[in-house]
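Spelled out, the chains give:
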Amino acid sequence: MSLFDDYHPLKGKMFQILKPDGTLHLDMKPPVSDQEIFNLYQKMVFIRLADQKALMLQRQGRMGTYAPVWGQEACQVGSASVLRKGDWVFPAFRELGASLMMGVPLKTIYLYWMGNEEGSRAPDGINMMPVSIPVGTHPLHAVGTAWAAKIKGDKIVTVSYFGDGATSKGDFHEAMNLAGVFKVPTIFFCQNNQFAISVPRKIQTASETIAQKAVAYGVDGIQVDGNDLFAVYAATKEAVDKARSGGGATLIEGVTYRFGPHTTADDPTKYRREEEIEPWKALDPLVRLRLYLKGRGLWNDEVEKQVTEKAQNEIDQAVKEAEAVSTPDVEDIFKYVYAEMTPQLQEQMEYLKGTL
Ligand SMILES: Cc1ncc(C[n+]2csc(CCOP(=O)(O)OP(=O)(O)O)c2C)c(N)n1
């Protein structure tokens, strides 16, 4: 029996390997070695600190806006780490973690949120698509790319990341349908962080789980504890291996929680109470992994200090480099829409320049 049979969405079970107290479920083991777990933990620490830095930069007026990943680190690290060179990732807008895992430099990510279009360009050879601000449009692109790869005989997979809110978009359903019919090598990774801005998950859909939606489209689906690095890793690995060997698409629902605001323009105290957040704090993916590593003798305060210091130095360097890039010209907004600027764009550009 495969994992997807064991945890068929209609069985109503969530896949978890690492319990919130940092111990393993009976008869279960981590999908990777201790050394690899420690490496992934370091990545998660880096992501959390880089995320906090972005929030701080925005508050200081050094960044335009930002969508924090705080709380969703295990979803992104666990899933992206099973990908190989040649695979493609289609992010939404909260994927700092997945972007770093794919090898996009932090400087580039910061540049994007500082309003520099150069930040949308991943270095050559890194198959990370730009941020998708339109909610839920990009799973279709991931399916199209996977379908093209299948036709060409390329053994690659594509992954789209999106939130619970995106599953209410028609595009999501079109993408799932197409992926099911053509059995394309793609993973739909829904980070169910319980909110779409102020809309809670329970009024987003009447489905019991998001994973269940897979059944209607004839693709595998699984609900995993998105704050359990091991479960996310194991489920994504199985989905990726299956896709690579011609087994088609999978919908993974990572159950997680957005600790921060939707973006820096949002005030979550307007729609959720502190008491609501409290139980999730105990499920923090970093805390849980730390407890596990401590139990294995691989973590203590000194280790944490070293990991944090190393990350902090790299982050400070990325900020320095991003801030050293000169501000883009306001004309750039208009220059590259068409090969030649239309009279309307010309007029708008002159107007904007006149207001500066
Ligand atoms: C097509 C479209 N509709 C509405 C918006 C405004 N909007 C931005 S983010 C968001 C909520 C997205 O929620 P979810 O998909 O759960 O992702 P999360 O923000 O929780 O990561 C909305 C409605 C948009 N950007 N694009």
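Residues numbered from 1 in each chain as written. Predicted model: local features only at pLDDT ≥ 70, side-chain atom pairs only at ≥ 80, totals over all residues. Heavy atoms only, no water.

This next bit is on the domain arrangement of the protein. For the protein, the assigned domains are domain 1 (3-325) and domain 2 (330-356). Taking the mean C-alpha position of each, domain 1 and domain 2 sit 37 Å from one another. (Domains from an automatic or database assignment.)

Counted by the stated rule, this structure contains 13 aromatic pairs. Seen from their ring centres, tyrosine 7 and phenylalanine 15 are 4.9 Å apart, and the 55° between their planes marks the pair as tilted. Grouping residues by exposure puts tyrosine 7 and phenylalanine 15 together as buried. Measuring from ring centre to ring centre gives 5.7 Å for tryptophan 70 and phenylalanine 259, while their planes differ by 50°; the resulting arrangement is tilted. (Phe/Tyr/Trp six-rings, centres within 6.5 Å; stacked < 30°, edge-to-face > 60°. Buried < 20%, exposed > 50% of the residue type's maximum accessible area, 1.4 Å probe, protein only.)

A few words now on the pairing of strand 2 (residues 158-163). Burial within strand 2 is extensive, with five of its six residues counted as buried. Bridging between strand 1 (residues 88-90) and strand 2 involves three bridges; their strand directions are parallel. The partner of valine 89 across the bridge, within strand 2, is valine 159. Summarising the sheet, strand 2 and strand 3 (residues 186-192) pair through six bridges and their orientation is parallel. Bridge pairing links serine 160 to phenylalanine 188 in strand 3. Handedness of the β-α-β unit built from strand 2, helix 7 (residues 170-182) and strand 3 comes out right-handed. (Helix = DSSP H or I, 4+ residues; strand = E, 2+ residues; numbered from the N terminus. Pairing = 2+ DSSP bridges. Right-handed = clockwise from strand over helix to strand, strands pointing away.)

Turning to the packing of helix 2 (residues 34-59) against helix 3 (residues 73-80), a few remarks are in order. Axis angle and axis distance: for two packed helices, these are the angle between their axes and the distance between the axes, and together they describe the pair. Axis separation between helix 2 and helix 3 bottoms out at 10 Å; the angle between their running directions is 135°. In terms of their interaxial angle, helix 2 and helix 3 are classed as oblique. Of the two elements, helix 2 crosses helix 3, and the hand of that crossing is right-handed. Counting all contacts with helix 2, which are made through Leu40, Lys43, Met44, Ile47 and Arg48, the residues of helix 3 involved are Glu73, Ala74 and Val77. Within the contact of helix 2 with helix 3, the residues separate by chemical class into five nonpolar, no polar and three charged. (Axes fitted to C-alpha atoms, helices over the stretch in contact; angles between N-to-C directions. Parallel < 35°, antiparallel > 145°, perpendicular 65-115°, else oblique. Left-handed = near helix turned anticlockwise from the far one by under 90°. Contact = heavy atoms within 4.5 Å. Nonpolar A, V, L, I, M, F, W, Y, C, P; charged D, E, K, R; others polar.)

Turning our attention to the site of the ligand. Neighbouring the ligand are 15 residues, the closest being Arg94, Gly165, Ala166, Asn193 and Phe195. Here arginine 94 contributes a side-chain N or O atom positioned 2.7 Å from an oxygen atom of the ligand. In this structure, a nitrogen atom belonging to the ligand sits 3.0 Å away from a main-chain N or O atom of valine 135. In terms of residue class, the shell around the ligand is made up of eight nonpolar, four polar and three charged. (Near = heavy atom within 4 Å. Polar contact = N/O pair within 3.5 Å; in protein donor to acceptor, adjacent residues only side chain to side chain.)

Once that is clear, we can look at the side chain of threonine 250. Mapping threonine 250 onto the fold places it in strand 7 (residues 250-255). On the basis of relative accessibility, which here comes to 0%, the residue threonine 250 falls in the buried class. A polar contact is formed between the side chain of threonine 250 and the side chain of lysine 242, at a distance of 2.8 Å. Not counting chain neighbours up to four residues away, the residues in contact with threonine 250 comprise Phe4, Thr186, Ile187, Phe188, Asp220, Ala239 and Lys242.

Grouped burial of nonpolar side chains is what soluble globular proteins tend to show. Grouped together as the largest cluster of nonpolar side chains are 77 residues, with contacts concentrated most on Phe15, Leu96, Leu106, Tyr110, Ile222 and Leu289. Counting residues per element, this core draws most heavily on helix 2, which supplies 13 residues. Each residue touching tyrosine 110, except ones within four places of it in the same chain, is listed here: Ala50, Lys53, Ala54, Met63, Ile315, Ala318, Val319 and Ala322. Ranked by size, the runner-up nonpolar core spans 16 residues in total, among them Phe172, Met176, Ala179 and Ala249. (Core = buried A, V, L, I, M, F, W, Y, C linked by side-chain atoms within 4.5 Å.)

Here we come to the pattern of salt bridges. Proximity of charged atoms lets side chains of opposite charge pair with each other. Applying the stated criterion to the full structure yields 21 salt bridges. As a salt-bridge pair, glutamate 304 and arginine 290 come within 3.5 Å of each other at their nearest N and O atoms. One end of the pair, glutamate 304, is in helix 12 (residues 301-324); the other, arginine 290, is in helix 11 (residues 285-295), with 14 residues separating them in the sequence. With a relative accessible area of 17%, glutamate 304 lands in the buried category. Overlapping salt bridges bring together Arg48, Glu73 and Asp284 as one network. (Salt bridge = Lys/Arg side-chain N within 4 Å of Asp/Glu carboxyl O.)

Here the focus is the environment of lysine 107. Here lysine 107 is to be found in helix 5 (residues 106-113). Taking the C-alpha atoms as reference points, lysine 107 and lysine 320, separated by 213 residues in sequence, lie 8.5 Å from one another. When neighbours within four sequence positions are excluded, lysine 107 is seen to be in contact with Ala318, Glu321, Ala322 and Val325.

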